[in-house]
Protein chains: 4
Amino acid sequence: MARSLTAVPSEDESAPRPRGEKRERILEASIQVFARKGFHRARVSDIAAEAEIAYGLVYHYFKNKDEILATIFEERWSGFLDAIEAIGRGPGTVRNQLVSIATLILNAFRLRPEWVKVLVLEIQRSSRFAEPAQQQAVARLFEAFERIVRGGQERGELRPDFDARVGAALFLGAIDLVITSLVLKVGEIPEEDQAQRAYYLDVAQQIVDIFLNGTTGADGTA
Amino acid sequence: MARSLTAVPSEDESAPRPRGEKRERILEASIQVFARKGFHRARVSDIAAEAEIAYGLVYHYFKNKDEILATIFEERWSGFLDAIEAIGRGPGTVRNQLVSIATLILNAFRLRPEWVKVLVLEIQRSSRFAEPAQQQAVARLFEAFERIVRGGQERGELRPDFDARVGAALFLGAIDLVITSLVLKVGEIPEEDQAQRAYYLDVAQQIVDIFLNGTTGADGTA
Amino acid sequence: MARSLTAVPSEDESAPRPRGEKRERILEASIQVFARKGFHRARVSDIAAEAEIAYGLVYHYFKNKDEILATIFEERWSGFLDAIEAIGRGPGTVRNQLVSIATLILNAFRLRPEWVKVLVLEIQRSSRFAEPAQQQAVARLFEAFERIVRGGQERGELRPDFDARVGAALFLGAIDLVITSLVLKVGEIPEEDQAQRAYYLDVAQQIVDIFLNGTTGADGTA
Amino acid sequence: MARSLTAVPSEDESAPRPRGEKRERILEASIQVFARKGFHRARVSDIAAEAEIAYGLVYHYFKNKDEILATIFEERWSGFLDAIEAIGRGPGTVRNQLVSIATLILNAFRLRPEWVKVLVLEIQRSSRFAEPAQQQAVARLFEAFERIVRGGQERGELRPDFDARVGAALFLGAIDLVITSLVLKVGEIPEEDQAQRAYYLDVAQQIVDIFLNGTTGADGTA
DNA sequence: CATGAATGAGGCTTCATTCAT
DNA sequence: AATGAATGAAGCCTCATTCAT
């Protein structure tokens, strides 16, 4: 249903428009505009202009502006969550799972920074976020993560004497803040595609490395 | 001028009002309202009602609504930053410094959750945040943190083979997300004061512990 | 062309749809919706939904929403007026004519309250009502009535020393307000059909009785 | 509280504006505009222009456009009703009471036709009219009238063998329709003030006369 | 300093109408 | 004839800001 965060849709959409194509255009345009100006500063007319459709058509597909944001959340976030939960259910060591997830998230940001900005920054500010459904959706991310960590503890890959919840928060928080600092452009990211890809992979590995091995070295300098 | 995030202001503000007392009331009320409704949803009249003053008076003390947020940021954030930089310049091992900082931040949230919500969630969404002055203020936090980490690396307390910037992001991100999850009430926090204090200290120590020692144990299971 | 207000249309409209059947459905649906929500609050889409057709189709049969109301007025009102004028031209004492008319009107309301509501309440509020054609149509009702009253005066059935126009207004106004009070459900109307019919006939006769004999009695107490 | 329908306020409102004067201006302007264009066609900007105030001030005094109409009803209608109930409670024969009331209503229309138009035509079309409070207010008029009629029956001034409710509806309906036909300018009304006053008095007396004596003459021609 | 009435631009939303299929 | 997607003008309402007192 939702485009995966991991797949980049082809942009060569020309001649014969498929069903529901305008709706999709509105969602995509909304993400762009929300990411650029923030939800509250984004006017519906901005969205319509970005989507190159008439003003009123937005209201043909969505009840109001709030519902656009909620829809983005529901359709995009769930795809994102599904991918993470799939990794968690899959094989591989915790290290591999964590690297996969970190890479997934950072790559999503690399390819669709606006999606991530909106999901991370806008949604939690929206009034709809107070709704149980959305709170629960975020909780699902935490839980998926806790499950991965706890799985590692049970299989002996991770030491058992730390709180899986704190561990999950630490890992996700690291990725979150890295993304935030990237959004804020604190630090410089390579422009060129290959270099950028390598950069993000390196960051992902470092996060996992610190998460697994700590910062004091295997020989325990501290 | 600014109340420190680390000190709890006395609440016995009664009888003869000092100079600038109304101004302070407006700032404090703004924090409460911004935290509750978000900056954009907060009306000037809400702030005035919270501060129990006429809303025209807000414009005696501040040029406009944006300036209130900017002022909050400048006065509150700088106090916060000073405290962290002081810890960084002070003595003690990296471990102690990190525990101090984590405790500082978590305690600030414990005592003044609205302050932290506003500083973390609202300010980066405001248009003013695009201003160099504020971007720089955030950068200062990262730099203060990098300095601490790098100092630890130079003194041999931390291993030298990880990027201090990633390390800083990981640590701060962990704290940030723990706070966010607390905001979202994912997980239950003790109600009673002593237990709450203990809970936050425990969380701070676990974060530091994972940051320093990793999650795989001294015997390197992974 | 127009259904008469006095005849109840058969409801067994099924299988093979005749020409103009959709047009009629739209008119009937419009009356229902206008009566329920008022002309301005009624959306074209409401009408289409009530008629169970696509709302674009409305514009095949009518130029715009105003024209629907105008058509209702022209087709329904004229049938109504014809019936009244026929009674006026017919034989019988004034008393019989008045009872016939009062019964006609009250029965119309009994059987098709929505029609009457729309004719009475909506049409005079619409901008189209300002048009001479419609003003004239209402004038025709007054004139038809004045003619009946004046005829009674000429034949000596009614005393000659009152203004026929005021008399007409009094009689019609009485019926109008009785209807309005019925609309407002001030007073209780029998549910069962026979009782309801009897109730309305009784009301009609009382109106005529007061109109003819006054309220002070034959012995002239006042 | 409400200006009486029977008293014409002085229009020489100049220099120092009293409290609540703007609110009153908005109400009066609304009546003018509602009477001229109808409630739905009346724009809030029309009201503001008519009242010569800024757009937004309307919302300082009223929650929305609906509330303006409801306020008009509550404040104007109650004054009107009080006057009628006072006449009913007062001394005098039924004839005198009825003439007083008919004159009151017709004079109100003569002096403030817009008030009457709005009270009679607009209010019953508004969505708020469905509210019990307003239905009840209308019911009060009917009841006040029934009480007068029934009082006349009990004192032997009116014959007892007709339904007071029908009698009330007949009398009020006559006045209502006379007003409506005046609104619609069916028939010509004298322009000059004295002649106009005499004309309305004459109409009032004729209505009462027919109501009391009927249209068949004391000697029973019919 | 303090008040809150007054202002008016901005933006969301509705919905009659058109148009491509 | 029939559909309903698409259009965009119109109008209500909000609320930051100004101003007279």
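You'll find the structure just up there.
In this numbering scheme, every chain counts its residues from 1 along its sequence in written order. Whichever chain is written first is A, and whichever ligand is written first is 1; the rest continue in order. It should be noted that, the model being predicted, local features are given only for residues of pLDDT at least 70 and side-chain atom pairs only at 80 or more, the latter also being counted only at that level, while totals for whole chains, interfaces and linings use all residues. The side-chain values count all of the structure's non-hydrogen atoms but skip hydrogen atoms and water molecules.

## Focus on the overall build of chain A
Stated formally: The way it works is that DSSP assigns letters per residue, a run of H or I at least four long becomes a helix, a run of E at least two long becomes a strand, and they are numbered from the N terminus. Whether a residue is buried, partly exposed or exposed follows from its accessible area with a 1.4 Å probe, protein chains only, as a fraction of its type maximum: under 20%, in between, or over 50%, in that order.
Counting its secondary structure elements, chain A contains nine helices and zero strands. The linear arrangement of helices and strands in chain A, starting from the amino end, is α-α-α-α-α-α-α-α-α. Within chain A, the proportion of its 222 residues that are buried is 53%.

## Some words on the environment of C:A102
Residues and elements named next belong to chain C. Formally: In this description, contact between two residues means that some pair of their heavy atoms is separated by no more than 4.5 Å.
With respect to the helices and strands, A102 occurs in helix α5 (residues 94-111). With 53 residues separating them in the primary sequence, A102 and A49 have C-alpha atoms 35 Å apart. For A102, the residues in contact, after removing those within four places along its chain, are F171, I175 and A204.

## Notes on the protein's contact with DNA strand F
Short version of the rule: One heavy atom within 4 Å of a molecule or strand makes the whole residue count as near it. Polar contact criterion, stated in full: a pair of N or O atoms within 3.5 Å, where within protein one must be able to donate a hydrogen and the other to accept it, and residues adjacent in sequence count only if both atoms are side-chain atoms.
Residues in close proximity to DNA strand F total 28 residues, the closest being A:H60, A:Y61, B:V44, C:K22 and D:Y59. For DNA strand F, the fraction of protein-proximal atoms (within 4 Å) that sit in sugar or phosphate groups is 66%. A distance of 3.2 Å separates a phosphate oxygen of DNA strand F from a polar side-chain atom of B:Y59. Elements with a contribution of two residues or more to the surface near DNA strand F: α3 (58-61) of chain A together with α3 (58-61) of chain C.

## Focus on the relation of the copies chain A and chain B
Selection criterion: Least squares is the method used to superpose the copies, on C-alpha atoms of residues holding a pLDDT of at least 70 in both.
Aligned on chain B, chain A shows an RMSD of 0.2 Å; the corresponding rotation is 179° and the shift along the axis is 0.1 Å. Such a combination of turn and shift is consistent with a two-fold rotation axis. Across chain A, the rotation axis passes nearest the C-alpha of A:G214, at a separation of 1.7 Å. The overlap is high: 98% of the interface residues of chain A also sit at the interface in chain B, so the same surface is used on both sides.

## With respect to the pattern of salt bridges
To be explicit about the condition: A side-chain nitrogen of Lys or Arg and a carboxyl oxygen of Asp or Glu constitute a salt bridge if their distance falls within 4 Å.
Counted according to the given criterion, the structure contains 72 salt bridges over all chains. Across the pair A:D46 and A:R43 runs a salt bridge, and its minimum N-O distance is 3.3 Å. Close ionic contact of C:R197 with C:D193 constitutes a salt bridge, the shortest N to O distance being 3.3 Å. Of this pair, C:R197 and C:D193 both sit in helix α9 (residues 193-213), separated by four residues, roughly a single helical turn. The class for C:R197 is partly exposed, based on a relative accessible area of 40%. Residues joined in a network through salt bridges with shared partners are A:R23, A:E24, A:E28, A:E75, A:R76 and A:R112.

## Things to note about the environment of A:K63
Residues and elements named next belong to chain A. The topology assignment puts K63 in the loop between α3 and α4 (65-89). The class of K63 is exposed, set by a relative accessible area of 56%. A C-alpha to C-alpha distance of 15 Å links K63 and A48, two positions 15 residues apart in sequence.

## What to know about the interface of chain D and chain C
Put simply, the test is: A simple way to read buried area is as the amount of 1.4 Å-probe accessible surface that goes missing from two parts once joined, with both sides added.
Across the boundary between the two partners, chain D contributes 49 residues, which contact 49 residues of chain C. Carbon and sulfur atoms supply 60% of the area that chain D and chain C bury against each other, a total of about 4600 Å² over both sides. Among the residues of chain D in contact with chain C, D:R125, D:R159 and D:T215 are the three that bury the most area, contributing 16% of the side total. Summed over the shared surface of chain D and chain C, the result is two salt bridges.

## What about the interface of chain A and chain B?
The partner chain B presents 50 residues to the 50 residues of chain A that form the contact. Both faces considered, chain A and chain B share a buried interface measuring about 4600 Å² in area, 60% of it formed by carbon and sulfur atoms. It is A:R125, A:R159 and A:T215 in chain A that bury the most area against chain B; as a group they hold 16% of the surface buried on that side. At the boundary of chain A and chain B, one finds two salt bridges. Residues B:R159 and A:D209 are paired through a salt bridge, measuring 2.9 Å at the closest nitrogen-oxygen approach. Elements supplying a minimum of two residues to the side of chain A that touches chain B: α1 (21-37), α6 (113-122), α7 (132-154), α8 (164-183) and α9 (193-213) of chain A.

## A short note on the packing of aromatic side chains
Rules: Ring pairs are drawn from Phe, Tyr and Trp, using the six-membered ring of Trp, whenever the two centres fall within 6.5 Å, and their geometry is named by plane angle: stacked under 30 degrees, edge-to-face over 60, tilted for the rest. Criterion for a charge above a ring: Lys NZ or Arg CZ within 6 Å of the ring centre, and within 35 degrees of the ring normal.
Overall, the coordinates contain 24 aromatic pairs over all chains when judged by the stated rule. Centroid distance A:Y199 to A:Y200: 5.7 Å. Interplanar angle 85°. Geometry classified as edge-to-face. With a centroid separation of 5.1 Å and an interplanar angle of 25°, the aromatic rings of C:F145 and C:F171 are classed as stacked. In this pair, C:F145 is assigned in helix α7 (residues 132-154) and C:F171 in helix α8 (residues 164-183), connecting sequence segments 26 residues apart. For C:F145, a relative accessible area of 0% translates into the label buried. Linked through ring pairs, A:F73, A:W77 and A:F80 together constitute an aromatic cluster. Stacked on the ring of D:W115, the Lys or Arg D:R76 has its end atom at 4.6 Å from the ring centre.

## Examining the packing of helix α1 (residues 21-37) of chain C against helix α6 (residues 113-122) of chain C
Residue and element names in this part refer to chain C. Condition: Orientation is described by axes fitted as lines to C-alpha atoms, over the contacting stretch for helices, and by angles from 0 to 180 degrees between their N-to-C directions. Here roughly perpendicular refers to angles of 65 to 115 degrees, roughly parallel to angles under 35, roughly antiparallel to angles over 145, and oblique to all remaining angles. Handedness of a crossing follows from how the near helix is turned relative to the far one, being left-handed for an anticlockwise turn of less than a right angle and right-handed for a clockwise one. Asp, Glu, Lys and Arg are counted as charged, while Ala, Val, Leu, Ile, Met, Phe, Trp, Tyr, Cys and Pro are counted as nonpolar; the rest, among them Gly, fall into the polar class.
Relative to each other, α1 and α6 sit at 65°, their axes nearing to 8 Å. Accordingly, the angle class assigned to the pair α1 and α6 is roughly perpendicular. α1 and α6 meet at a crossing whose hand is left-handed. Within the contact between the two elements, α1 uses E28, I31, Q32, F34 and A35 and α6 uses E114, W115, K117, V118 and E122. Tallied by class, the residues present in the contact of α1 with α6 amount to five nonpolar, one polar and four charged.

## Looking at helix α7 (residues 132-154) of chain D
Filter applied, for reference: Every helix has an expected span of 1.5 Å times one less than the residues it contains.
For α7(D), with 23 residues, the first-to-last C-alpha span of 31 Å sits near the 33 Å given by 1.5 Å per residue. Just past α7(D), the residue D:G156 takes up positive phi, approximately 80°.

## Digging into α5(C)
With 18 residues, α5(C) extends 25 Å between its outermost C-alpha atoms, agreeing within 8% with the 26 Å of an ideal straight helix rising 1.5 Å per residue. Extensive coverage of α5(C) is indicated by the burial of 13 of its 18 residues.

## Things to note about unusual backbone geometry
Peptide bonds are mostly trans, and most non-glycine residues show a negative phi. Residue and element names in this part refer to chain B. Despite not being glycine, E52 shows a phi value in the positive range, around 60°. Relative to the assigned elements, E52 resides in the loop between α2 (44-51) and α3 (58-61). Here E52 falls in the exposed class, since its relative accessible area comes to 68%.

## Things to note about the environment of B:V94
By secondary structure assignment, the location of B:V94 is in helix α5 (residues 94-111). On the accessibility criterion, B:V94 (2% relative accessible area) is buried.

## Comments concerning the side chain of B:Q206
Note that B:Q206 resides in helix α9 (residues 193-213). Only 2.9 Å separates the side chain of B:Q206 from the backbone nitrogen of A:D163, close enough to count as a polar contact. Excluding anything up to four places from it in sequence, B:Q206 contacts A:F162, A:D163 and A:V166.

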